[in-house]
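Now for the letters of each chain:
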Amino acid sequence: MNTARVRTAGRRVLAALAGVALTAAVLTGCGAPSGATGPRFQLGENPSPVWQPVGIRIVALPPGQRVTVHAALRPGGIWTSQAVYAVPADGVVDLARDVPLEAPFTGADGMGLFWTLRSATGEPATSDVMWGGSSFSVDLQASIGGRPVAETRVQRTGLSLAAPARAIFDDGITGDYFQPTSSAEGVRPGIIVFDGTDPGEQSGVLTSATLAALGFPTLDLSTYGSVGESAPLHSLPAETFLTALGWLRSQPGVDDQHIFTFGTSRGAQLALWAAAAYPGTVYGAIAPGGTTGLICPSPVPSPAVTVDGAWVPCTTGTHDPVPAAVLDIERIPGPVVLGCAGRDEELTNGCAWLDAAARKRPPREGDSYLRAPRATHLFYLPPYTPLLLPEPPAAQSTERAREALWADILTALTAPSSVPGH
(Lines give C-alpha, C1' and ligand atoms only; values in the text may rest on other atoms or scores of the structure.)
Protein backbone atom coordinates (compact mmCIF):
# COMPACT_ATOMS: atom_id res chain seq x y z
CA MET A 1 0.00 0.00 0.00
CA ASN A 2 1.34 3.43 -0.92
CA THR A 3 1.46 5.60 2.19
CA ALA A 4 2.63 8.81 0.53
CA ARG A 5 0.59 11.78 1.68
CA VAL A 6 -0.12 15.07 -0.01
CA ARG A 7 -2.58 16.91 2.15
CA THR A 8 -3.81 20.18 3.52
CA ALA A 9 -3.56 20.94 7.22
CA GLY A 10 -6.99 21.31 8.76
CA ARG A 11 -8.49 19.22 11.48
CA ARG A 12 -6.37 17.94 14.34
CA VAL A 13 -4.01 15.09 13.36
CA LEU A 14 -2.56 12.85 16.08
CA ALA A 15 -0.11 10.00 15.63
CA ALA A 16 -0.48 7.02 17.96
CA LEU A 17 2.69 4.94 17.95
CA ALA A 18 4.03 2.76 20.73
CA GLY A 19 6.61 4.37 22.97
CA VAL A 20 6.49 7.80 21.37
CA ALA A 21 2.74 8.44 21.01
CA LEU A 22 1.48 11.95 20.55
CA THR A 23 -1.91 10.88 21.86
CA ALA A 24 -2.84 10.94 25.52
CA ALA A 25 -3.11 7.85 27.63
CA VAL A 26 -6.44 6.24 28.52
CA LEU A 27 -8.43 8.38 30.91
CA THR A 28 -7.83 7.19 34.44
CA GLY A 29 -9.48 9.79 36.65
CA CYS A 30 -6.28 11.65 37.57
CA GLY A 31 -6.90 14.91 39.40
CA ALA A 32 -9.83 13.74 41.55
CA PRO A 33 -9.71 12.26 45.06
CA SER A 34 -10.42 8.55 45.30
CA GLY A 35 -14.14 7.96 45.77
CA ALA A 36 -15.17 11.45 44.67
CA THR A 37 -18.70 11.63 43.32
CA GLY A 38 -19.29 15.32 42.54
CA PRO A 39 -18.05 17.32 39.56
CA ARG A 40 -14.37 16.64 38.97
CA PHE A 41 -11.64 16.69 36.37
CA GLN A 42 -10.28 13.54 34.79
CA LEU A 43 -6.87 13.76 33.15
CA GLY A 44 -5.51 11.27 30.66
CA GLU A 45 -2.04 11.51 32.16
CA ASN A 46 -0.64 13.61 34.97
CA PRO A 47 2.19 14.57 34.90
CA SER A 48 2.18 14.68 31.10
CA PRO A 49 5.06 15.48 28.71
CA VAL A 50 4.97 18.92 27.13
CA TRP A 51 5.24 17.33 23.67
CA GLN A 52 2.02 15.32 24.11
CA PRO A 53 -1.62 16.36 24.55
CA VAL A 54 -3.15 15.82 27.97
CA GLY A 55 -6.70 14.45 27.61
CA ILE A 56 -9.09 16.48 29.80
CA ARG A 57 -12.67 15.71 30.83
CA ILE A 58 -14.99 17.12 33.49
CA VAL A 59 -17.50 14.57 34.79
CA ALA A 60 -20.60 14.57 37.01
CA LEU A 61 -21.67 18.03 35.87
CA PRO A 62 -25.36 19.05 35.99
CA PRO A 63 -26.81 18.53 32.49
CA GLY A 64 -28.13 21.57 30.69
CA GLN A 65 -25.88 24.04 32.50
CA ARG A 66 -23.05 26.15 31.11
CA VAL A 67 -19.62 25.40 32.55
CA THR A 68 -16.67 27.76 32.28
CA VAL A 69 -13.24 26.13 32.21
CA HIS A 70 -10.44 28.48 33.20
CA ALA A 71 -6.72 27.78 32.79
CA ALA A 72 -3.95 29.69 34.58
CA LEU A 73 -0.17 29.43 34.41
CA ARG A 74 2.12 31.43 36.71
CA PRO A 75 5.82 31.27 35.78
CA GLY A 76 6.92 34.86 36.39
CA GLY A 77 3.48 36.23 35.55
CA ILE A 78 -0.12 35.20 35.04
CA TRP A 79 -1.11 33.52 31.79
CA THR A 80 -4.76 32.61 31.34
CA SER A 81 -7.32 31.23 28.92
CA GLN A 82 -10.92 30.08 29.27
CA ALA A 83 -13.76 28.44 27.36
CA VAL A 84 -17.48 27.95 28.01
CA TYR A 85 -19.22 24.64 27.28
CA ALA A 86 -22.82 23.43 27.35
CA VAL A 87 -23.07 20.38 29.62
CA PRO A 88 -24.62 17.46 27.68
CA ALA A 89 -27.16 14.98 29.02
CA ASP A 90 -24.49 12.59 30.34
CA GLY A 91 -22.90 15.34 32.44
CA VAL A 92 -19.47 14.90 30.82
CA VAL A 93 -17.57 17.65 29.02
CA ASP A 94 -14.68 16.26 26.99
CA LEU A 95 -12.43 19.06 25.73
CA ALA A 96 -11.17 16.96 22.81
CA ARG A 97 -14.73 16.10 21.72
CA ASP A 98 -17.01 19.01 22.60
CA VAL A 99 -17.27 22.31 20.74
CA PRO A 100 -17.26 25.29 23.12
CA LEU A 101 -19.95 27.96 23.13
CA GLU A 102 -17.31 30.63 23.74
CA ALA A 103 -13.54 30.27 23.41
CA PRO A 104 -10.45 31.87 21.84
CA PHE A 105 -10.49 28.96 19.37
CA THR A 106 -13.13 27.32 17.20
CA GLY A 107 -14.18 23.69 17.15
CA ALA A 108 -13.31 20.93 19.59
CA ASP A 109 -9.71 21.19 20.77
CA GLY A 110 -8.40 19.24 23.74
CA MET A 111 -5.33 21.49 24.01
CA GLY A 112 -7.00 24.76 23.07
CA LEU A 113 -6.74 26.17 26.59
CA PHE A 114 -2.98 25.60 26.49
CA TRP A 115 -1.91 27.11 23.17
CA THR A 116 -4.24 30.10 23.69
CA LEU A 117 -2.75 31.05 27.08
CA ARG A 118 -2.14 34.80 27.10
CA SER A 119 -0.50 37.28 29.45
CA ALA A 120 -2.69 40.04 30.88
CA THR A 121 0.08 42.51 30.05
CA GLY A 122 0.40 41.36 26.46
CA GLU A 123 3.76 39.70 26.97
CA PRO A 124 4.59 37.46 24.00
CA ALA A 125 5.27 33.77 24.55
CA THR A 126 8.78 33.66 23.14
CA SER A 127 10.75 31.63 25.67
CA ASP A 128 11.51 28.02 24.87
CA VAL A 129 12.46 27.71 28.54
CA MET A 130 8.97 28.69 29.67
CA TRP A 131 7.13 26.83 26.93
CA GLY A 132 9.07 23.64 26.55
CA GLY A 133 12.40 23.35 28.29
CA SER A 134 11.27 23.64 31.89
CA SER A 135 8.51 21.77 33.65
CA PHE A 136 5.49 23.82 34.66
CA SER A 137 1.93 23.50 35.97
CA VAL A 138 -1.38 24.76 34.66
CA ASP A 139 -4.27 25.19 37.12
CA LEU A 140 -7.70 24.29 35.77
CA GLN A 141 -10.95 25.40 37.36
CA ALA A 142 -14.52 24.63 36.30
CA SER A 143 -17.30 26.97 37.43
CA ILE A 144 -21.06 27.14 36.97
CA GLY A 145 -22.89 30.40 37.52
CA GLY A 146 -19.70 31.96 38.84
CA ARG A 147 -19.25 29.27 41.50
CA PRO A 148 -16.23 26.93 41.30
CA VAL A 149 -17.30 23.28 41.17
CA ALA A 150 -14.04 21.49 40.31
CA GLU A 151 -10.34 22.17 40.03
CA THR A 152 -7.09 20.37 39.31
CA ARG A 153 -3.46 21.04 38.48
CA VAL A 154 -1.97 19.77 35.23
CA GLN A 155 1.75 19.13 35.56
CA ARG A 156 3.72 19.37 32.31
CA THR A 157 7.13 17.68 32.17
CA GLY A 158 9.72 19.79 30.36
CA LEU A 159 12.07 18.73 27.61
CA SER A 160 15.16 19.22 29.75
CA LEU A 161 14.23 16.15 31.81
CA ALA A 162 13.41 13.90 28.86
CA ALA A 163 16.15 15.06 26.48
CA PRO A 164 19.20 16.50 28.28
CA ALA A 165 21.84 17.99 25.99
CA ARG A 166 25.61 17.96 26.03
CA ALA A 167 27.83 20.33 24.11
CA ILE A 168 29.91 18.87 21.29
CA PHE A 169 33.29 20.27 20.24
CA ASP A 170 34.75 17.36 18.28
CA ASP A 171 36.73 17.22 15.04
CA GLY A 172 35.85 20.75 14.01
CA ILE A 173 32.10 20.53 14.63
CA THR A 174 30.16 22.36 17.31
CA GLY A 175 26.65 21.81 18.50
CA ASP A 176 24.53 20.07 21.10
CA TYR A 177 23.73 16.38 21.24
CA PHE A 178 20.33 15.36 22.58
CA GLN A 179 20.26 11.72 23.62
CA PRO A 180 16.89 10.20 24.56
CA THR A 181 16.46 9.08 28.15
CA SER A 182 13.64 6.71 27.19
CA SER A 183 14.38 3.00 27.40
CA ALA A 184 13.47 2.17 23.80
CA GLU A 185 14.98 -1.14 22.74
CA GLY A 186 17.46 -1.37 19.89
CA VAL A 187 18.87 1.41 17.74
CA ARG A 188 16.86 4.39 16.57
CA PRO A 189 17.16 6.71 13.55
CA GLY A 190 19.56 9.59 14.14
CA ILE A 191 18.88 13.17 13.05
CA ILE A 192 21.12 16.11 12.18
CA VAL A 193 19.36 19.46 12.67
CA PHE A 194 20.82 22.45 10.84
CA ASP A 195 20.73 25.22 13.44
CA GLY A 196 21.81 28.84 13.33
CA THR A 197 20.26 29.46 9.92
CA ASP A 198 17.73 32.02 11.20
CA PRO A 199 19.12 34.92 13.24
CA GLY A 200 17.33 35.44 16.54
CA GLU A 201 15.39 32.17 16.46
CA GLN A 202 16.13 29.32 18.84
CA SER A 203 13.95 26.84 16.99
CA GLY A 204 16.82 24.39 16.42
CA VAL A 205 17.29 23.65 20.11
CA LEU A 206 13.55 23.26 20.71
CA THR A 207 13.18 21.02 17.65
CA SER A 208 16.17 18.86 18.62
CA ALA A 209 14.99 18.44 22.19
CA THR A 210 11.51 17.45 21.00
CA LEU A 211 12.91 14.89 18.57
CA ALA A 212 15.03 13.37 21.34
CA ALA A 213 12.05 13.35 23.71
CA LEU A 214 10.20 11.35 21.08
CA GLY A 215 13.05 8.83 21.16
CA PHE A 216 15.46 9.88 18.39
CA PRO A 217 19.13 10.78 18.99
CA THR A 218 19.60 14.26 17.57
CA LEU A 219 22.65 16.41 16.83
CA ASP A 220 21.80 20.11 16.75
CA LEU A 221 24.62 21.25 14.47
CA SER A 222 25.83 24.85 14.68
CA THR A 223 25.77 25.25 10.95
CA TYR A 224 27.83 28.43 10.63
CA GLY A 225 30.23 28.38 13.54
CA SER A 226 30.87 27.95 17.22
CA VAL A 227 27.78 29.82 18.38
CA GLY A 228 25.53 29.03 15.43
CA GLU A 229 25.15 32.65 14.35
CA SER A 230 24.22 33.50 10.79
CA ALA A 231 25.53 36.24 8.52
CA PRO A 232 24.48 36.94 4.92
CA LEU A 233 27.80 35.75 3.48
CA HIS A 234 28.08 32.54 5.48
CA SER A 235 27.99 29.22 3.67
CA LEU A 236 28.08 25.60 4.77
CA PRO A 237 31.25 23.63 4.01
CA ALA A 238 30.26 20.10 3.03
CA GLU A 239 33.19 18.86 5.11
CA THR A 240 31.51 20.18 8.27
CA PHE A 241 28.38 18.21 7.49
CA LEU A 242 30.30 15.04 6.66
CA THR A 243 32.22 15.25 9.92
CA ALA A 244 28.96 15.70 11.83
CA LEU A 245 27.43 12.81 9.91
CA GLY A 246 30.30 10.49 10.79
CA TRP A 247 30.18 11.57 14.42
CA LEU A 248 26.44 10.92 14.74
CA ARG A 249 26.64 7.52 13.02
CA SER A 250 29.24 6.40 15.57
CA GLN A 251 27.12 7.18 18.64
CA PRO A 252 25.65 4.32 20.71
CA GLY A 253 22.00 3.66 19.97
CA VAL A 254 22.05 5.35 16.55
CA ASP A 255 20.90 3.36 13.53
CA ASP A 256 23.60 4.36 11.04
CA GLN A 257 21.43 3.14 8.14
CA HIS A 258 18.64 5.55 9.01
CA ILE A 259 20.09 9.03 9.31
CA PHE A 260 17.78 11.96 8.62
CA THR A 261 18.61 15.59 7.97
CA PHE A 262 16.26 18.23 9.39
CA GLY A 263 16.09 21.89 8.44
CA THR A 264 13.41 24.55 8.64
CA SER A 265 13.09 27.92 6.93
CA ARG A 266 16.55 28.74 5.51
CA GLY A 267 17.86 25.44 6.86
CA ALA A 268 15.37 23.44 4.78
CA GLN A 269 17.46 23.78 1.63
CA LEU A 270 20.52 22.51 3.50
CA ALA A 271 18.66 19.44 4.76
CA LEU A 272 17.49 18.60 1.24
CA TRP A 273 20.87 19.28 -0.33
CA ALA A 274 22.72 17.08 2.19
CA ALA A 275 20.29 14.18 1.76
CA ALA A 276 20.37 14.43 -2.04
CA ALA A 277 24.16 14.82 -2.20
CA TYR A 278 24.93 11.83 0.03
CA PRO A 279 22.15 9.28 -0.54
CA GLY A 280 24.45 6.44 0.42
CA THR A 281 24.68 7.60 4.03
CA VAL A 282 21.65 9.87 4.50
CA TYR A 283 18.32 8.09 4.43
CA GLY A 284 15.64 10.79 4.58
CA ALA A 285 15.05 14.54 4.90
CA ILE A 286 12.62 16.75 6.81
CA ALA A 287 12.50 20.26 5.35
CA PRO A 288 9.38 22.38 6.00
CA GLY A 289 9.01 26.11 5.60
CA GLY A 290 11.80 26.80 3.11
CA THR A 291 12.83 26.60 -0.51
CA THR A 292 13.46 23.27 -2.22
CA GLY A 293 16.45 24.67 -4.09
CA LEU A 294 19.77 26.14 -2.94
CA ILE A 295 19.56 29.94 -2.67
CA CYS A 296 22.74 32.00 -2.81
CA PRO A 297 23.02 34.23 0.26
CA SER A 298 22.43 37.92 -0.45
CA PRO A 299 22.87 40.88 -0.80
CA VAL A 300 26.28 39.92 -2.21
CA PRO A 301 26.01 36.55 -3.97
CA SER A 302 28.09 33.89 -2.27
CA PRO A 303 27.81 30.12 -2.04
CA ALA A 304 25.15 28.46 0.10
CA VAL A 305 27.32 25.31 0.19
CA THR A 306 30.93 24.58 -0.74
CA VAL A 307 32.65 21.26 -1.44
CA ASP A 308 36.44 21.32 -1.10
CA GLY A 309 36.18 25.10 -1.26
CA ALA A 310 34.30 25.12 -4.58
CA TRP A 311 30.82 26.59 -4.97
CA VAL A 312 27.85 24.29 -5.26
CA PRO A 313 25.55 25.94 -7.85
CA CYS A 314 22.83 28.02 -6.23
CA THR A 315 19.99 30.25 -7.37
CA THR A 316 19.94 34.01 -6.85
CA GLY A 317 16.69 34.93 -5.12
CA THR A 318 13.66 32.88 -4.10
CA HIS A 319 11.19 34.31 -6.62
CA ASP A 320 11.44 31.70 -9.37
CA PRO A 321 11.03 28.03 -8.35
CA VAL A 322 11.64 26.66 -11.85
CA PRO A 323 12.39 22.93 -12.20
CA ALA A 324 16.07 23.59 -12.84
CA ALA A 325 16.37 25.34 -9.45
CA VAL A 326 14.96 22.42 -7.47
CA LEU A 327 17.45 20.09 -5.84
CA ASP A 328 17.74 16.48 -6.99
CA ILE A 329 15.51 15.23 -4.19
CA GLU A 330 14.55 12.17 -6.21
CA ARG A 331 17.98 10.82 -5.17
CA ILE A 332 16.93 10.68 -1.50
CA PRO A 333 16.22 7.00 -0.77
CA GLY A 334 13.93 7.31 2.23
CA PRO A 335 11.02 9.55 3.25
CA VAL A 336 10.89 13.26 2.50
CA VAL A 337 8.70 15.53 4.66
CA LEU A 338 7.98 18.95 3.16
CA GLY A 339 5.57 21.66 4.23
CA CYS A 340 4.54 25.16 3.28
CA ALA A 341 2.44 27.93 4.82
CA GLY A 342 0.04 29.86 2.62
CA ARG A 343 0.47 33.02 4.71
CA ASP A 344 4.21 32.71 5.18
CA GLU A 345 5.49 36.21 5.88
CA GLU A 346 9.12 35.17 5.30
CA LEU A 347 8.77 33.09 2.11
CA THR A 348 5.61 34.18 0.34
CA ASN A 349 5.92 31.60 -2.46
CA GLY A 350 6.83 28.63 -0.26
CA CYS A 351 3.99 26.53 -1.63
CA ALA A 352 5.23 27.17 -5.18
CA TRP A 353 8.60 25.72 -4.13
CA LEU A 354 6.82 22.71 -2.63
CA ASP A 355 4.81 22.22 -5.82
CA ALA A 356 8.00 22.36 -7.88
CA ALA A 357 9.53 19.69 -5.66
CA ALA A 358 6.43 17.51 -5.98
CA ARG A 359 6.72 17.66 -9.76
CA LYS A 360 10.36 16.61 -9.57
CA ARG A 361 9.69 13.90 -6.99
CA PRO A 362 6.07 12.77 -7.03
CA PRO A 363 5.28 11.59 -3.49
CA ARG A 364 6.57 8.11 -2.75
CA GLU A 365 5.72 5.68 -0.01
CA GLY A 366 6.39 7.39 3.30
CA ASP A 367 6.65 10.92 1.86
CA SER A 368 4.51 13.77 3.18
CA TYR A 369 3.92 17.10 1.44
CA LEU A 370 1.83 19.27 3.76
CA ARG A 371 0.11 22.46 2.61
CA ALA A 372 -1.19 24.77 5.34
CA PRO A 373 -2.99 27.53 3.40
CA ARG A 374 -3.85 29.73 6.42
CA ALA A 375 -0.75 29.16 8.55
CA THR A 376 2.21 31.50 9.01
CA HIS A 377 5.96 30.95 8.79
CA LEU A 378 6.64 29.29 12.16
CA PHE A 379 4.17 26.46 11.52
CA TYR A 380 7.06 24.01 11.89
CA LEU A 381 7.56 24.49 15.66
CA PRO A 382 6.27 21.75 18.00
CA PRO A 383 2.58 22.09 18.95
CA TYR A 384 0.57 22.53 22.17
CA THR A 385 2.06 25.81 23.45
CA PRO A 386 1.64 29.52 22.57
CA LEU A 387 5.30 29.71 21.54
CA LEU A 388 5.71 32.26 18.72
CA LEU A 389 2.14 31.85 17.47
CA PRO A 390 0.75 34.75 15.41
CA GLU A 391 -2.27 36.78 16.41
CA PRO A 392 -5.76 35.29 15.85
CA PRO A 393 -7.18 34.03 13.58
CA ALA A 394 -3.89 32.83 12.10
CA ALA A 395 -2.90 31.37 15.47
CA GLN A 396 -5.33 28.45 15.23
CA SER A 397 -4.42 27.64 11.62
CA THR A 398 -0.74 27.69 12.54
CA GLU A 399 -1.32 25.48 15.57
CA ARG A 400 -3.29 23.00 13.46
CA ALA A 401 -0.45 22.92 10.94
CA ARG A 402 2.06 22.25 13.74
CA GLU A 403 0.03 19.28 14.95
CA ALA A 404 -0.30 17.87 11.44
CA LEU A 405 3.34 18.39 10.53
CA TRP A 406 4.72 16.79 13.67
CA ALA A 407 2.44 13.80 13.20
CA ASP A 408 3.92 13.44 9.71
CA ILE A 409 7.46 13.79 11.06
CA LEU A 410 6.85 11.05 13.61
CA THR A 411 5.36 8.80 10.94
CA ALA A 412 8.39 9.25 8.68
CA LEU A 413 10.86 8.54 11.49
CA THR A 414 9.11 5.36 12.60
CA ALA A 415 8.05 3.90 9.25
CA PRO A 416 9.65 0.57 8.27
CA SER A 417 12.16 0.96 5.47
CA SER A 418 11.26 -0.22 1.98
CA VAL A 419 14.72 0.67 0.65
CA PRO A 420 17.20 -2.19 0.09
CA GLY A 421 20.21 -1.82 2.35
CA HIS A 422 18.44 0.44 4.81
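Residues numbered from 1 in each chain as written. Predicted model: local features only at pLDDT ≥ 70, side-chain atom pairs only at ≥ 80, totals over all residues. Heavy atoms only, no water.

**Quick word on the overall build of the chain**
Inference 1: When helices and strands are tallied, the chain shows 8 helices and 21 strands.
Inference 2: Counting the 422 residues in the chain, one finds 55% classified as buried.
Inference 3: Across the chain, every contact between residues at least 6 apart in sequence was considered, and the portion connecting residues at least 24 apart equals 68%. (Helix = DSSP H or I, 4+ residues; strand = E, 2+ residues; numbered from the N terminus. Buried < 20%, exposed > 50% of the residue type's maximum accessible area, 1.4 Å probe, protein only. Contact = heavy atoms within 4.5 Å.)

**So, the sheet that holds strand β15 (residues 236-237)**
Inference 1: If you walk across this open sheet you meet the 3 strands as β15-β18-β19, and the pairing is mixed. Lying at the two open borders of the sheet, with one neighbouring strand each, are β15 and β19 (310-311).
Inference 2: Two strands pair when backbone bridges link them, and β15 and strand β18 (residues 305-307) are joined in this way by 2 bridges, in the parallel orientation. Within β18, the residue paired with proline 237 across the bridge is threonine 306. (Pairing = 2+ DSSP bridges.)

**Considerations on the state of the cysteines**
When the sulfur atoms of two cysteines share a covalent bond, that bond is a disulfide.
Inference 1: Taken as a whole, this structure holds 2 disulfides when the rule is applied.
Inference 2: The partner cysteine of cysteine 340 in its disulfide is cysteine 351, sulfur to sulfur 2.1 Å. When the S-S torsion is 95°, as for the bridge of cysteine 340 with cysteine 351, the disulfide is right-handed. Note that cysteine 340 is positioned in strand β20 (residues 336-341) and cysteine 351 in helix α7 (residues 350-360), a separation of 11 residues in sequence.
Inference 3: Cysteine 340 gets classed as buried once you look at its relative accessible area, which sits at 1%.
Inference 4: The disulfide pattern of the chain is 1-2, 3-4 when the bonded cysteines are numbered in sequence order. (Disulfide = S-S within 2.5 Å.)

**Points about α7**
Inference 1: For α7, the complete set of buried residues consists of Gly350, Trp353, Leu354, Ala356, Ala357 and Ala358.
Inference 2: Packing partners of the buried residues in α7 comprise β20 and β21 (368-372).

**Digging into unusual backbone geometry**
Inference 1: Residue proline 47 is reached from asparagine 46 by a cis peptide bond, and omega for that bond is 5°.
Inference 2: By the element assignment, proline 47 lies in the loop between β2 (40-43) and β3 (48-49).
Inference 3: Going from proline 392 to proline 393, the amide bond is cis rather than trans, its omega being 0°.
Inference 4: Mapped onto the fold, proline 393 is located in the loop between β21 and α8 (394-414).
Inference 5: Despite not being glycine, serine 265 has its phi angle at roughly 55°, a positive value.
Inference 6: By the element assignment, serine 265 lies in the loop between β16 (254-262) and α6 (268-277).
Inference 7: A positive phi angle is found at leucine 388, which is not glycine, with a value near 55°.

**What to know about the sheet that holds strand β5 (residues 66-73)**
Inference 1: Pairing is mixed across the open sheet formed by 6 strands, whose spatial order is β3-β10-β9-β5-β6-β8. Lying at the two open borders of the sheet, with one neighbouring strand each, are β3 and β8 (118-119).
Inference 2: With 2 bridges joining them, β3 and strand β10 (residues 147-157) adopt parallel strand pairing. Residue proline 49 lies in a different strand from β10, and its bridge partner there is threonine 157.

**Focus: the pattern of salt bridges**
Inference 1: Here the structure, examined in full by the defined rule, presents 8 salt bridges.
Inference 2: The salt bridge involving aspartate 139 is made with arginine 153; its shortest N-O contact spans 2.6 Å. Of the two residues, aspartate 139 is situated in strand β9 (residues 136-144) and arginine 153 in strand β10; the sequence distance between them amounts to 14 residues.
Inference 3: Residue class for arginine 153 comes out partly exposed when judged on its relative accessible area of 48%.
Inference 4: For aspartate 328, the salt bridge identified is with lysine 360, shortest N-O distance 3.1 Å. With a gap of 32 residues between them, aspartate 328 in the loop between β19 and β20 and lysine 360 in helix α7 connect regions that are remote in the sequence.
Inference 5: Residue classification places lysine 360 among the partly exposed positions, given a relative accessible area of 28%.
Inference 6: A single salt-bridge network, built from bridges that share partners, covers Asp109, Arg400 and Glu403. (Salt bridge = Lys/Arg side-chain N within 4 Å of Asp/Glu carboxyl O.)

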